Amino acid sequence: MYNKLQYISQGNTIEEQLHNIHEALDNGCDWIQMRFKNQTDSDCYKLAEAAKFLCEEYLANFIINDNVALAQKIAADGVHLGLMDMKIKDARDILGKTKIIGGTANTFENIKNHIQNGCDYIGLGPFRFTTTKEKLSPILGLESYESIIAEMKKQNLEVPIYAIGGIDLSDVEALMQTGIHGIAVSGLITENPSKTKLITQLNEKLYGNVIV
Ligand SMILES: Cc1ncc(COP(=O)(O)OP(=O)(O)O)c(N)n1
Ligand SMILES: Cc1ncsc1CCOP(=O)(O)O
Ligand SMILES: [Mg+2]
């Protein structure tokens, strides 16, 4: 089963990105999504190669945001695809059964479609407003997670759900109580100066005080 904490990378340059990814790995995060928007193919490739190498050193999963061709080229562990990105079925045809394909959802219907199309996990959000992403879908809040998870149970639908968007440490307990599998965070980890403490606390809340 997938780790309950996914770090989505930040940084305006290859160096900043690698620094942030390295810090997350070094402080206990073992699932990285490389998110490097509006960059040249060459820079994305350079970063992906270096980040994959780092993740291998830390035995961490490494997936790439948006770019299926790049994930295939560097043999990443998988991709994360949004509602406007390549269709999950097409990505599956390209990457094969063994790779992780995550999909973004904002509604129960999105989740149902993704499951039908064979995605491995869902990033459901945004939980709250965040400046990390532009053009956000409607904010969900705790109540929508509760109702969406309840509807999944009613319809016997199972897939790991990750909450995403503006999540803080103090949100994790209540979010986990809705029945989600884990969380995907970016700013929270990137901006925190005490990353060992933060990631330990996140893992404690995510795994119920079992140190991982
Ligand atoms: C885990 C996770 N969930 C959702 C997203 C958002 O994907 P998308 O809607 O394609 O937006 P961008 O990240 O591409 O701006 C994600 N990246 N990861
Ligand atoms: C990529 C993405 N998709 C929905 S919110 C978001 C950004 C999450 O970042 P943060 O944890 O900094 O709010
Ligand atoms: Mg996307």
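By convention here, each chain's residues receive numbers from 1 onward along its written sequence. Key to labels: chains lettered from A, ligands numbered from 1, both in the order written. It should be noted that, the model being predicted, local features are given only for residues of pLDDT at least 70 and side-chain atom pairs only at 80 or more, the latter also being counted only at that level, while totals for whole chains, interfaces and linings use all residues. Think of the side-chain values as coming from all heavy atoms in the structure, minus any hydrogens and water.

Novice: Residues and numbers for the packing of aromatic side chains, please.
Specialist: Whether two aromatic rings pair depends on their centres lying within 6.5 Å, for rings of Phe, Tyr and Trp, where Trp uses its six-membered ring; planes under 30 degrees apart make the pair stacked, over 60 edge-to-face, and the rest tilted. Tallied over the full model, the rule gives six aromatic pairs. Pairing Trp31 with Tyr121 gives two aromatic rings, centres 5.2 Å apart and planes at 75 degrees, and the pair type is edge-to-face. Of the two residues, Trp31 sits in strand 2 (residues 31-34) while Tyr121 sits in strand 6 (residues 121-124), which places them 90 residues apart along the sequence. Aromatic side chains Tyr121 and Tyr162 sit 5.3 Å apart centroid to centroid with 75 degrees between the ring planes, which places their arrangement in the edge-to-face category. Separated by 41 residues along the polypeptide, Tyr121 in strand 6 and Tyr162 in strand 7 (residues 161-164) bring together distant segments of the chain. By the ring-pair criterion, three or more aromatic residues cluster together here, those being Tyr2, Trp31, Tyr121 and Tyr162. Positioned above the aromatic ring of Tyr207, the side-chain terminus of Lys4 is 5.8 Å from the ring centre. Counting as a charge over the ring demands two things of the Lys NZ or Arg CZ atom: a distance within 6 Å of the ring centre and an angle within 35 degrees of the ring normal. Here the guanidinium or amino end of Lys73 rests over the ring plane of Tyr45, the centre of that ring lying 4.5 Å away. Only DSSP runs of H or I with at least four residues qualify as helices, and only runs of E with at least two residues qualify as strands; both kinds are numbered from the N terminus onward.

Novice: Quick rundown of the packing of helix 1 (residues 14-26) against helix 2 (residues 41-57)? Include the residues and the values.
Specialist: Angular values range over 0 to 180 degrees, each being the angle between N-to-C directions of two axes fitted as lines to C-alpha atoms, with helices fitted over their stretch in contact. Orientation of helix 1 relative to helix 2, taken along the N-to-C sense of each, is 20 degrees, at an axis distance of 10 Å. On the basis of the axis angle, helix 1 is roughly parallel to helix 2. Note on packing geometry: the crossing formed by helix 1 with helix 2 is right-handed. Residues Ile14, Gln17, Leu18, Ile21, His22 and Leu25 of helix 1 pack against Asp43, Lys46, Leu47, Ala50, Ala51, Leu54 and Cys55 of helix 2. Its residues placed into classes, the contact of helix 1 with helix 2 shows nine nonpolar, two polar and two charged. Oblique is the label for any angle not covered by the other classes, which are roughly parallel (under 35 degrees), roughly antiparallel (over 145) and roughly perpendicular (65 to 115). The sense of a crossing depends on the near helix, which, turned anticlockwise from the far helix by less than a right angle, makes the crossing left-handed and, turned clockwise, makes it right-handed. When checking whether two residues touch, look at their non-hydrogen atoms; a contact exists if any pair is within 4.5 Å. Amino acids outside the nonpolar list (Ala, Val, Leu, Ile, Met, Phe, Trp, Tyr, Cys, Pro) and the charged list (Asp, Glu, Lys, Arg) are all regarded as polar, and Gly is one of them.

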